[in-house]
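Reading the structure
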Amino acid sequence: MSSKLEALQRWVDEVAKLTRPAQIHWCDGSDAEYQQLVQHMLKTGDLIELNQQTHPGCYLHRSSPSDVARVEHLTFVCTKDEEDAGPNNHWMAPTEAHAKMDALFEGCMEGRTMYVIPYCMGPIDSPLARCGVEITDSPYVVANMRTMTRMGAAALARIEREGSFVKGLHSTGELDPERRFIMHFPEELTIKSYGSGYGGNALLGKKCHALRIASYQAKSEGWLAEHMLIVGIENPKGETHYVAAAFPSACGKTNLAMLIPPEGYRQDGWKVWTVGDDICWMRPGADGRLYAINPEAGYFGVAPGTSDNTNPNALSTIARDTIYTNVAITADNQPWWEGLPGKPVTDWQGRPYDPANGPAAHPNSRFTVSAKQCPTWSPHAEDAQGVPLSAIVFGGRRPSLIPLVFEAKDWAHGVLIGAAMGSETTAAATGAVGVLRRDSMAMKPFAGYHYGDYFRHWLSFDKPGAKLPKIFHVNWFRKGEDGSFLWPGYGDNLRVLEWMIDRVEGRAPGKQTPIGTLPAHGELKLGDLSLDSATVDTLLDVDHAGWTAELAAIGEYLHSFGARMPQQLHAEQQRVAKALDEAAPAPRSAVAS
Ligand code: SAT
Ligand code: MN
């Protein structure tokens, strides 16, 4: 096969000349092609068949033990001007980066098949969707891209019609961490990734295209590419509000996107609809509202912790036609991870399970599955124009200080709240786990340009005629003195979402505080939750001294981005700091006198 689009054909020829594959396969995305790939990988050992009685169409992939997560320290944004990449990215000059990568790619596909994968991010007929082509020598990547994107003939037709596409070149190389780089050239709409076969490093449609390159494109085209789930909340009257929520990797986006309402809510007729679990592209519509699409077609979700208690929807989604990566297996060859009943016999590296070696499933082990298999898959998930957003939510893992929920005063305040987001690190990226770091809008690893310019772009959406969503911040991860979580989370998070919708609808007056609006007493419907009032008070408390210190830290953080940080955001930080100052409790001595 070949393409009638000259730019595409020329690029494929150039890559073949450089990488010297034994053959070239243009992916058509058909079932037959997928089955052939699976059979091939079963032979090579890239896939291992799981119990087909309990898990039809399910396979296990074991990645190299040193290749189990994204590698932020080896990920670069290569803009001509270093300033454009910003202090939030590692930077390399494009000529140097191309030379380095092309040297690695030289002859790397000898004896192997080079796959050409045309794909579309977003519903194939959506004006918000964007296309790309990934060239890879990994059949595992092809199989995953087929599930995660609209891949094959229809995407190629759109690319040939439009004439433009993002170029992604990938090789697993030797899987040597010393010869591993993920390079982005936003000005050339190009990605080069070498030396890793894992998730976000190798499935180039996902973080590389749909976030890093897309965020850069979105800046000049007037839209936003964000690390957000999209969920529809239907109330008993049948009205659906759509909410987009940003959390860092492995902080429960998939769980929130597939939330099951608490018993009482279910009886009353509440329903939750899943539109997306990781990435959200949004753009103002003619009516001034923000419309969102999920550019992905599947979930690449974290397996550990997924259970009948935490996310029964996910569990039924992945009961068939799923690729598991780095999970453990049971005696009867079923996939297993921490949080599931039963017990593992073989760990994620294929060794007999021994607790002395750590968890049986890798903490960042994953499932890849078609979004359509989710029982709560939204009937509007494929709407070409997207779904209108009522609310945007920011959140992170914050064991202390940050209340369960608060609402921004307005859009600019919301942008400050998003910019100030912090979270404890997780196993989704290589490095220490459980360390607090600022992760503005959960985009620290994914914003393809300078954070100062990025916040300016966010602020620019607030213009006459705009009917923007309300912005909230949540913290499901607040801990008590004994280290246990104060809020039950999961399905009960709907109680918090309901309060947000009440705010959107003007039904909850809320309580004004210097940091934003919190639920007034009784506004959060806690129903039969057995939370004592002291816990509720802690969850909704604004600790004055703590927040004063937090605002100072946020101020310093904003300054660390230098002159490109918009003045409006500094002004917002100062406004909140001043409001805190004015609301300061009187010093003890003053009270006494
Ligand atoms: O980057 S991945 O796509 O592997 C998963 C994540 O970190 O969200
Ligand atoms: Mn993610």
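Residues numbered from 1 in each chain as written. Chains lettered and ligands numbered in written order. Predicted model: local features only at pLDDT ≥ 70, side-chain atom pairs only at ≥ 80, totals over all residues. Heavy atoms only, no water.

**A short note on the pattern of salt bridges**
If the charged atoms of two oppositely charged side chains come close together, the side chains can form a pair. Worth spelling out the cut-off: Counted as salt bridges are all cases of a side-chain nitrogen of Lys or Arg within 4 Å of a carboxyl oxygen of Asp or Glu. Numbering of helices and strands starts at the N terminus; helices are DSSP runs of H or I of at least 4 residues and strands are runs of E of at least 2. For each residue, the accessible area found with a 1.4 Å probe, counting protein chains only, is set against the maximum for its type, and the residue is called buried under 20%, exposed over 50%, and partly exposed in between.
On inspection of all chains with the given rule, the structure shows 38 salt bridges. Between aspartate 84 and arginine 564 there is a salt bridge, with its nearest N and O atoms 3.0 Å apart. Of the two residues, aspartate 84 is situated in helix H3 (residues 82-85) and arginine 564 in the loop between helix H16 (544-559) and helix H17 (567-582); the sequence distance between them amounts to 480 residues. Overall, aspartate 84 belongs to the partly exposed group, its relative accessible area being 25%. A salt bridge links lysine 206 to aspartate 278; the nearest nitrogen and oxygen atoms lie 2.8 Å apart. Pair noted here: lysine 206 is in helix H8 (residues 205-221) and aspartate 278 is in the loop between strand E15 (271-276) and strand E16 (280-284), with a separation of 72 residues, a long-range link.

**Focus on the site of ligand 1**
Worth spelling out the cut-off: Near residues are defined by distance, with any heavy atom within 4 Å of the molecule or strand qualifying the residue. Pairing of N or O atoms within 3.5 Å defines a polar contact, subject to two protein rules: one partner must be a possible hydrogen donor and the other a possible acceptor, and residues neighboring in sequence count only if both atoms are side-chain atoms. Only the protein chains shown count as cover for residues, and the accessible areas themselves come from Shrake-Rupley with a 1.4 Å probe. The way it works is a 1 Å grid over only the protein atoms, where trapped points that fit a 1.4 Å probe form a cavity and open points with protein on both sides within 12 Å along at least five of seven lines form a pocket, and then any residue with an atom within 4 Å of a point lines it. More than half of a molecule's atoms lying within 2 Å of a cavity's or pocket's grid points is what places that molecule inside it.
The full set of residues close to ligand 1 is Arg70, Gly199, Gly200, Lys206, Lys207, Ser249, Phe300, Arg366 and Ala428. Separating an oxygen atom of ligand 1 from a backbone N or O atom of glycine 200 is a distance of 2.8 Å. For ligand 1, whose accessible area on its own is 250 Å², the fraction buried by protein is 98%. Assessed atom by atom at 2 Å from the grid points, ligand 1 resides in the largest pocket. Only helix H7 (199-202) and H8 provide two or more residues apiece to the shell around ligand 1.

**So, the domain arrangement of the protein chain**
So the rule is basically this: Residue ranges for the domains trace back to a domain assignment, done automatically or taken from a database. Two parts lose some accessible area (1.4 Å probe) when they are put together, and adding that loss for both gives the buried area.
Along its sequence, the protein chain is organised into domain 1 (6-47 + 72-222), domain 2 (226-296 + 378-546) and domain 3 (299-373). Centre-to-centre separation of domain 1 and domain 2, based on C-alpha positions: 31 Å. In total, about 2,900 Å² of surface goes out of reach between domain 1 and domain 2, with carbon and sulfur atoms giving 55% of it. Seen at the junction of domain 1 and domain 2, the total is five salt bridges. Scanning the region where domain 1 abuts domain 2 turns up 19 residue pairs in polar contact (both at pLDDT 80 or more).

**Notes on the pairing of strand E7 (residues 130-136)**
The criterion, for reference: Two strands are said to pair when DSSP picks up at least two bridges between them.
Buried residues dominate E7, accounting for seven of its seven residues. Residues Arg130, Gly132, Glu134 and Thr136 line one face of E7 and the alternating positions Cys131, Val133 and Ile135 line the opposite face, and both faces are buried. Inspection of the sheet shows strand E6 (residues 113-121) paired to E7 by seven bridges, in the antiparallel sense. Across the sheet, the residue bridging to isoleucine 117 is glutamate 134, located in E7.

**Notes on the layout of surface pockets**
How we decide: Grid points are joined across faces, edges and corners, and a volume is the space filled by probe spheres set on the points. Under the convention adopted here, Pro, Cys and the residues Ala, Val, Leu, Ile, Met, Phe, Trp and Tyr are nonpolar, Asp, Glu, Lys and Arg are charged, and Gly plus all remaining residues are polar.
By volume, the largest pocket amounts to about 870 Å³. Residue lining of the largest pocket: 45 residues in total, with Ala250, Cys251, Gly252, Asn255 and Arg397 positioned closest to the centre. Contributing elements (two or more residues each) for the lining of the largest pocket: H8, helix H9 (253-257), strand E18 (298-302) and strand E23 (366-370). It is H9 that provides the largest number of residues to the lining of the largest pocket, a total of four residues. Classifying every residue of the lining of the largest pocket gives 21 nonpolar, 15 polar and nine charged. Volume-wise, the second largest pocket comes out at about 550 Å³.

**Remarks on the coordination of the manganese ion (ligand 2)**
Our working definition: For Na, K and Ca the donor cutoff is 3.2 Å, while for all other metals N, O and S atoms count as donors only within 2.8 Å; water does not appear among the atoms, so some sites may look incomplete.
Here the manganese ion (ligand 2) is held by the protein donor atoms Lys207 (NZ), His227 (NE2) and Asp278 (OD), which lie 2.0 to 2.2 Å from it. Expressed as a motif, the donor residue spacing for the manganese ion (ligand 2) is K-x19-H-x50-D. Of this pair, lysine 207 sits in helix H8 while aspartate 278 is found in the loop between E15 and E16, placing the two residues 71 residues apart along the sequence.

**Description of unusual backbone geometry**
Most peptide bonds take the trans configuration, and most residues that are not glycine carry a negative phi. One non-glycine residue, alanine 250, lies in positive phi territory at about 60 degrees. Locating alanine 250 in the fold gives a position in the loop between strand E14 (240-246) and H9. Here the phi dihedral of asparagine 333 falls at roughly 70 degrees; this positive angle occurs in a residue that is not glycine. You can see asparagine 333 is positioned in the loop between strand E20 (328-330) and strand E21 (335-336). Taking the relative accessible area as the measure of exposure, asparagine 333 reaches 24% and is therefore partly exposed.

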